[in-house]
Amino acid sequence: MSTERTIDGARDDLGEGGTTGPSPNVPADAAAARAVVRTLLDDEFCTLRDVGMDDVVISDAMLVTSELVTNAIRHGGGLTAFSAELTVEGLLLSVSDANPAVPVTVAPRPGAIQIGGYGWPLVHRLCKRVTVTPHSAGKRISVLVALF
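Here we summarise the structure given alongside this text. What you see is a predicted model; the values in this text were computed from it and never measured. (Residues numbered from 1 in each chain as written. Predicted model: local features only at pLDDT ≥ 70, side-chain atom pairs only at ≥ 80, totals over all residues. Heavy atoms only, no water.)

## A few points about the overall build of the chain
Counting secondary structure elements, the chain contains three helices and seven strands. Ordered by position from N to C terminus, the α and β elements of the chain give β-β-β-α-α-β-β-α-β-β. The buried share among the 148 residues of the chain stands at 36%. The contacts in the chain between residues at least 6 apart in sequence include a share of 63% that link residues at least 24 apart. For the chain, the exposed surface amounts to about 8600 Å²; the carbon and sulfur share of it is 54%. (Helix = DSSP H or I, 4+ residues; strand = E, 2+ residues; numbered from the N terminus. Buried < 20%, exposed > 50% of the residue type's maximum accessible area, 1.4 Å probe, protein only. Contact = heavy atoms within 4.5 Å. Areas by Shrake-Rupley, 256 points an atom, 1.4 Å probe, with all protein chains shown as cover.)

## Looking at the nonpolar core
Core analysis: the largest hydrophobic core is formed by 29 residues, its most contacted members being Val37, Leu41, Leu68, Phe82, Leu91, Leu93 and Val143. Considering every element that reaches this core, the biggest residue donor is helix H2 (residues 55-75), with eight residues. Contacts of leucine 91, omitting those with residues within four sequence positions, involve Val37, Leu40, Ala61, Ala84, Glu85, Leu86, Val143, Leu144, Val145 and Leu147. (Core = buried A, V, L, I, M, F, W, Y, C linked by side-chain atoms within 4.5 Å.)

## Considering the environment of leucine 41
Its location among the elements puts leucine 41 in helix H1 (residues 30-45). On the accessibility criterion, leucine 41 (3% relative accessible area) is buried. In sequence terms leucine 41 and leucine 91 are 50 residues apart; their C-alpha atoms lie 8.7 Å from each other.

## Concerning the pairing of strand S4 (residues 79-86)
Summarising burial for S4: eight of the eight residues are buried, a large majority. With seven bridges joining them, S4 and strand S5 (residues 91-97) adopt antiparallel strand pairing. Residue pairing across strands places glutamate 85 opposite leucine 92, the latter belonging to S5. What sits between the antiparallel neighbours S4 and S5 is a turn of four residues, in which glycine 90 has the positive phi angle 150 degrees. (Pairing = 2+ DSSP bridges.)

None of the figures reported here should be taken as evidence of function without further support.
And the structure:
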């Protein structure tokens, strides 16, 4: 990769009328976050004629994006910040939410059919690096998805 590119979103402290709310840069849902990542990948790799990415790698990046954003919305009290950056190591995603609790993996009960609980282990399996940073207003999860 020739350059580093970043797309960021951050939460405003006070929105219109003095209420809190996400800035327009924070994706509204997982589909919007995937679109941000896909645009970032397309913009970088369509300019490099001799470099291509396997469809599986792109699918992995989209799946990780979906899992992190969906979990922030469903379990984290809402998505508060989002960024996607291409580095020499790969795709660096950072997702913040309003819940400081660190995600946990729940072991399935023997013989029981488990509904849900697959996303967090999947994120760990697909990412080269996963970091959770709790802070006073929630947490930030940063992951590195290797692209090559």
